[in-house]
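A look at the structure
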Amino acid sequence: ASCDVIIFPINVGNEHWCLAAAWLRHRRLRYYDSFGSSNPTCLELLERYLNDEAKEQGLLGLCGEWDKRSVGPPAIPQQRDGSSCGLFVCAAADCLSNGREPGGYSQASMPGIRAAVLQMFRHLGRRSA
């Protein structure tokens, strides 16, 4: 099986959620933060992890230097409160998993996204019961 992108939710200091993504074919890593902070340490650790995994699996073509960048507003939607970072991560992950760059949502979208996530969890809870 193959996939285009691997998505990593990142917890920063037990206070904030961000998102990292790796495109294996292009050796490209991105760190998405709705507040706009960069995190070169996270990108370096992910690069090391992915290189180690590639070596372990014998995928030496994936080893080496990765194109690493942090991405924040205005390139992605900006969080304007202190409690919606997880929802921004979910929205960005949804975009990336559908082959799009994060966008098309805003702080004003969060109540609707929060309701959709709650509905999804309720649905999943009924399926497993």
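In the block above lies the structure referred to throughout.
A quick note: this is a predicted structure, and the numbers were derived from the prediction, not measured. (Residues numbered from 1 in each chain as written. Predicted model: local features only at pLDDT ≥ 70, side-chain atom pairs only at ≥ 80, totals over all residues. Heavy atoms only, no water.)

**Here we look at the environment of Leu-29**
Keep this limit in mind: Under the scheme used here, helices are H or I runs from DSSP no shorter than 4 residues and strands are E runs no shorter than 2 residues, and both carry numbers assigned from the N terminus. The contact criterion used is simple: two residues touch if any of their non-hydrogen atoms lie within 4.5 Å.
Take Leu-29: it is sitting in strand β3 (residues 28-32). For Leu-29, the residues in contact, after removing those within four places along its chain, are Ala-21, Ala-22, Leu-43, Leu-46, Glu-47, Leu-50, Trp-66, Asp-67, Lys-68 and Arg-69.

**Observations concerning the environment of Ser-34**
The line we're drawing: Distance and chemistry together define a polar contact, namely a pair of N or O atoms within 3.5 Å, with one atom able to donate a hydrogen and the other to accept it when in protein, and with adjacent residues in sequence counting only for side-chain atoms on both sides.
Note on placement: Ser-34 falls in the loop between β3 and α1 (40-57). For the pair Ser-34 and Gln-79, spaced 45 residues apart in the sequence, the C-alpha separation amounts to 5.1 Å. Not counting the four nearest positions on each side in its chain, Ser-34 is found in contact with His-16, Pro-73, Ile-76, Pro-77, Gln-78, Gln-79 and Phe-88. At 2.7 Å, the side chain of Ser-34 and the side chain of Gln-79 are in polar contact.

**A few points about unusual backbone geometry**
That bond from Pro-73 to Pro-74 is cis: its omega, 10°, falls within 30 degrees of zero. Along the polypeptide, Pro-74 turns up in the loop between β4 (67-71) and α2 (85-97). Positive phi, normally seen in glycine, also occurs at Asn-14, with a value near 55°. Counting through the fold element by element, Asn-14 comes out in the loop between β1 (6-12) and β2 (16-23).

**Quick notes on the pattern of salt bridges**
Inclusion rule: Counted as salt bridges are all cases of a side-chain nitrogen of Lys or Arg within 4 Å of a carboxyl oxygen of Asp or Glu. Burial status follows relative accessibility: with a 1.4 Å probe on protein chains alone, a residue under 20% of its type maximum counts as buried, one over 50% as exposed, and anything between as partly exposed.
One pass over the full model with this rule turns up six salt bridges. A salt bridge links Asp-4 to Arg-25; the shortest N-O distance between them is 2.7 Å. With Asp-4 in the segment before β1 and Arg-25 in the loop between β2 and β3, this residue pair connects regions lying 21 residues apart in the sequence. Its relative accessible area of 51% is what places Asp-4 among the exposed residues. Residue Arg-69 is joined to Asp-67 by a salt bridge in which the shortest nitrogen-to-oxygen separation is 3.4 Å. Since its relative accessible area comes to 47%, Arg-69 is described here as partly exposed. Each member of the salt-bridge network shares a partner with another, and the members are Glu-44, Glu-47, Glu-65 and Lys-68.

**Some remarks on α2**
Every α-helix winds through 3.6 residues per turn, so residues three or four apart in the chain are directed the same way. Our working definition: Multiply 1.5 Å by the residue count of a helix minus one, and that product is the helix's expected span.
Between the first and last C-alpha of α2 there are 18 Å, a value that for 13 residues agrees with the 18 Å anticipated at 1.5 Å per step. Turning to α2, its buried residues are Cys-85, Leu-87, Phe-88, Val-89, Ala-91, Ala-92, Ala-93, Cys-95 and Leu-96. Remark: Gly-99 follows α2 within two positions and exhibits a positive phi of approximately 80°.

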